[in-house]
Amino acid sequence: MAVSTATSAPAKNPGPKDNIIGARQAYYDKIDKYDMAPLWEVLKDHVTKVPKSKCVPVLWKFEDAKKLVLEAGDVITAEEAERRVLVLENPALRGQAKATNTLFAGIQLIMPGEVADVHRHVASAIRFVMDGRGAYTAVEGEKTIMSPGDFVITANWAPHDHGNTSDQPMMWLDVLDMPTVNHFESSFMEHFDEKVQKATRQDGDSLAFYGSGVLPDGTMANPKRTPVINYTYARTRPILERMLKAGDIDKHHGARARYINPTTGGWVLPTMGAHLALLPKGFKGEEYRSTDGTVFVCAEGKGATTVGGQAFEWTQNDVFVVPPWTSYSHMAEKESVLFSISDRPAQEALGIWREAA
Ligand code: 1HN
């Protein structure tokens, strides 16, 4: 589509300025036919002085999401759906399966007795367990039984299947770097002949081997992904309590731990990073902003986050989005825990991440 110069109506008696505008428009129409466009007309839309996010702050109440995803259990099986997930779509990006411009978020349901068959894809997934316990995810031959607050990782191209051998519905938040992968148009996916993977390791092996301050001798650093598949809440939550007792409380983020790849100390994945933060009762965080778009989940407690001047009240399992370069501050009415995921590692790797407090 040709660029238009028309900023004001033509004058009655065309002068030299109108002639220039007319000539420019004729020129734009001409180059348009060659699939060319004048940068000088659109430069400011693309090279903005500060980040201009296309997504908006938003919160999904778990109370609603739980009811709705359980209804999905009546209309489609996990097997038919392949993955029975309600996509949390940013209201400004409807139809694009995006929570932020770079992250997918959705709530997955597995009913008792169901399985979600083994497959793999380039997009990496982070799962944060919300409701139910006893279902498993199997990643590259290691099964892990999931409990609320657990943070499970399926890295790029890792085969994974899920199953629910418990007697209760199981729900978790899936966050994937799918929009990032699709931005690069580099998605691949593969199914397997078998429905579920054969176990090749014991449940808990990866956390015991790599997440315990020791490494199996000879372990090589792998900067592309963490070897741990489940950072359990049972292990991480008490660490925040210790940070709090030690007075290690950030004035914006509270007592916050960063999930790491234990072979490097870096982020868990190159495209997505995660934190878990404890906000003491009565916490009033100071304003903060950064260029990474972030998906938060309340793991425990009750409070509110002001995002770009808008207050979002949250309680357990509510999910909310902070768009890039949007100021936010947390307040905790009760002692609260917030889990968060963002594209910060990708931005850091590219040298474009910034923050301001
Ligand atoms: C996927 O494979 C899973 O394996 C969950 O559980 C959510 C969203 C988009 C694309 C693939 C899963 C997904 C997904």
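Up top you'll find the structure we're talking about.
In this text, all values refer to a predicted model and were calculated from it rather than measured experimentally.

### Here we look at the overall build of the chain
Working step 1: Per the secondary structure count, the chain includes eight helices and 22 strands.
Working step 2: Considered along the principal axes of its C-alpha atoms, the chain spans approximately 85 × 50 × 50 Å.
Working step 3: The 357 residues of the chain split such that 48% are buried.
Working step 4: Expressed as a percentage of contacts within the chain between residues at least 6 apart in sequence, the contacts between residues at least 24 apart total 74%.
Working step 5: Accessible surface for the chain amounts to roughly 18300 Å². Of this, 54% is attributable to carbon and sulfur atoms.

### So, the site of the ligand
Working step 1: Looking at the ligand, the residues that line it are Arg83, Phe104, Gln108, His119, His121, Arg127, His160, His162, Asp174, Leu176 and Met178.
Working step 2: Between the ligand and His160 there is a distance of 2.8 Å, counted from an oxygen atom to a side-chain nitrogen or oxygen.
Working step 3: In the complex, 88% of the free accessible area of the ligand, which totals 330 Å², lies under the protein chains.
Working step 4: Listing elements by their share of the shell around the ligand, those giving two or more residues are β3 (104-110), β4 (115-121), β9 (160-164) and β10 (170-176).
Working step 5: Among the residues forming the shell around the ligand, the class breakdown is three nonpolar, five polar and three charged.

### Comments concerning helix α7 (residues 233-245)
Working step 1: Its 13 residues place the ends of α7 18 Å apart at the C-alpha level, agreeing with the 18 Å of an ideal helix rising 1.5 Å per residue.
Working step 2: Among the residues of α7, those classed as buried are Tyr233, Thr236, Arg237, Leu240, Met243 and Leu244. Here the buried residues of α7 occupy an arc of 115 degrees about the axis, which is enough to place them on one side. Of the exposed residues in α7, the ones pointing more than 90 degrees away from its buried face are Ala234, Arg242 and Lys245.
Working step 3: Directly after α7, the chain includes Gly247, whose backbone phi takes a positive value near 80 degrees.

### Regarding the layout of surface pockets
Working step 1: Size it by volume and the largest pocket reaches roughly 1200 Å³.
Working step 2: Every element with two or more residues in the lining of the largest pocket is listed here: α2 (39-46), α5 (178-183) and α8 (344-350).
Working step 3: It is α5 that contributes the most residues to the lining of the largest pocket, five residues altogether.
Working step 4: Taken together, the residues that form the lining of the largest pocket break down as 14 nonpolar, 16 polar and eight charged.

### Comments concerning the nonpolar core
Proteins that are soluble and globular tend to have nonpolar side chains buried together.
Working step 1: Counting residues in each nonpolar core, the largest one holds 45 residues, and the members touching the most others are Ile107, Ile126, Phe151, Leu173, Tyr259, Val319 and Phe339.
Working step 2: In terms of residue count, α7 provides more of this core than any other element does, four residues in total.
Working step 3: Counting 15 residues, the second largest nonpolar core, distinct from the first, contains Leu279, Tyr288, Phe296 and Leu338.

### A short note on the sheet that holds strand β5 (residues 125-131)
Working step 1: The antiparallel open sheet is built from six strands, whose spatial order is β2-β3-β10-β5-β8-β12. The open sheet terminates on both sides in strands that have one partner only, identified here as β2 (85-87) and β12 (230-231).
Working step 2: As paired strands, β5 and strand β8 (residues 151-154) are joined by four bridges and run antiparallel to one another. Across the sheet, Arg127 pairs through a bridge with Val152, a residue of β8.
Working step 3: Each of β2, β3, β5 and β10 is contacted by helix α3 (residues 62-75), which is oriented at about 55 degrees to β3, the strand it contacts most.

### What to know about the side chain of Thr305
Working step 1: Topologically, Thr305 is positioned in strand β17 (residues 302-307).
Working step 2: The buried category is assigned to Thr305, whose relative accessible area is 0%.
Working step 3: Only 2.7 Å separates the side chain of Thr305 from the side chain of Trp314, close enough to count as a polar contact.
Working step 4: Here His330 takes part through its side chain, which lies 2.8 Å from a polar atom of the side chain of Thr305.
Working step 5: Leaving out residues up to four positions away in the same chain, Thr305 has contacts with Gln310, Ala311, Phe312, Trp314, Phe320, Tyr328, Ser329 and His330.

### Remarks on empty space enclosed by the protein
Working step 1: Across all of its chains, the model carries two cavities of 30 Å³ or more by this definition.
Working step 2: As a volume, the largest cavity reaches approximately 90 Å³.
Working step 3: Together, Arg256, Gly273, His275, Tyr288, Ser290, Asp292, Thr294, Tyr328, Ser340, Ile341, Ser342 and Arg344 line the largest cavity.
Working step 4: Secondary structure elements with two or more residues in the lining of the largest cavity: β14 (273-279) and β21 (336-342).

### Topic: helix α1 (residues 16-32)
Working step 1: The first and last C-alpha atoms of α1 sit 24 Å apart over 17 residues, in line with the 24 Å expected at 1.5 Å per residue.
Working step 2: Among all positions of α1, only Gln25, Tyr28 and Ile31 are buried. Each buried residue of α1 sits inside an arc of 130 degrees when the element is viewed along its axis, so together they form one side. Of the exposed residues in α1, the ones pointing more than 90 degrees away from its buried face are Pro16 and Lys30.
Working step 3: Check the buried side of α1 and you find it contacts α2.

### Details of the pairing of β4
Working step 1: β4 sits mainly inside the fold: five of its seven residues count as buried.
Working step 2: The pairing of β4 with β9 spans three bridges and is antiparallel. The residue bridging Ala116 from the neighbouring strand is His162, located in β9.
Working step 3: Bridge count for β4 against strand β11 (residues 189-191) is three bridges, and the pairing is antiparallel. Among the inter-strand pairings, Arg120 is bridged to a residue of β11, identified as Glu190.

Definitions and cut-offs
- Residues numbered from 1 in each chain as written.
- Predicted model: local features only at pLDDT ≥ 70, side-chain atom pairs only at ≥ 80, totals over all residues.
- Heavy atoms only, no water.
- Helix = DSSP H or I, 4+ residues; strand = E, 2+ residues; numbered from the N terminus.
- Buried < 20%, exposed > 50% of the residue type's maximum accessible area, 1.4 Å probe, protein only.
- Contact = heavy atoms within 4.5 Å.
- Areas by Shrake-Rupley, 256 points an atom, 1.4 Å probe, with all protein chains shown as cover.
- Near = heavy atom within 4 Å.
- Polar contact = N/O pair within 3.5 Å; in protein donor to acceptor, adjacent residues only side chain to side chain.
- Nonpolar A, V, L, I, M, F, W, Y, C, P; charged D, E, K, R; others polar.
- Expected span 1.5 Å × (residues − 1).
- Arc of directions from axis to C-beta.
- 1 Å grid on protein atoms, 1.4 Å probe; cavity = no way out; pocket = protein on both sides within 12 Å on 5 of 7 lines; lining within 4 Å.
- Points joined across faces, edges and corners; volume = space filled by probe spheres on them.
- Core = buried A, V, L, I, M, F, W, Y, C linked by side-chain atoms within 4.5 Å.
- Pairing = 2+ DSSP bridges.
- Axes fitted to C-alpha atoms, helices over the stretch in contact; angles between N-to-C directions.

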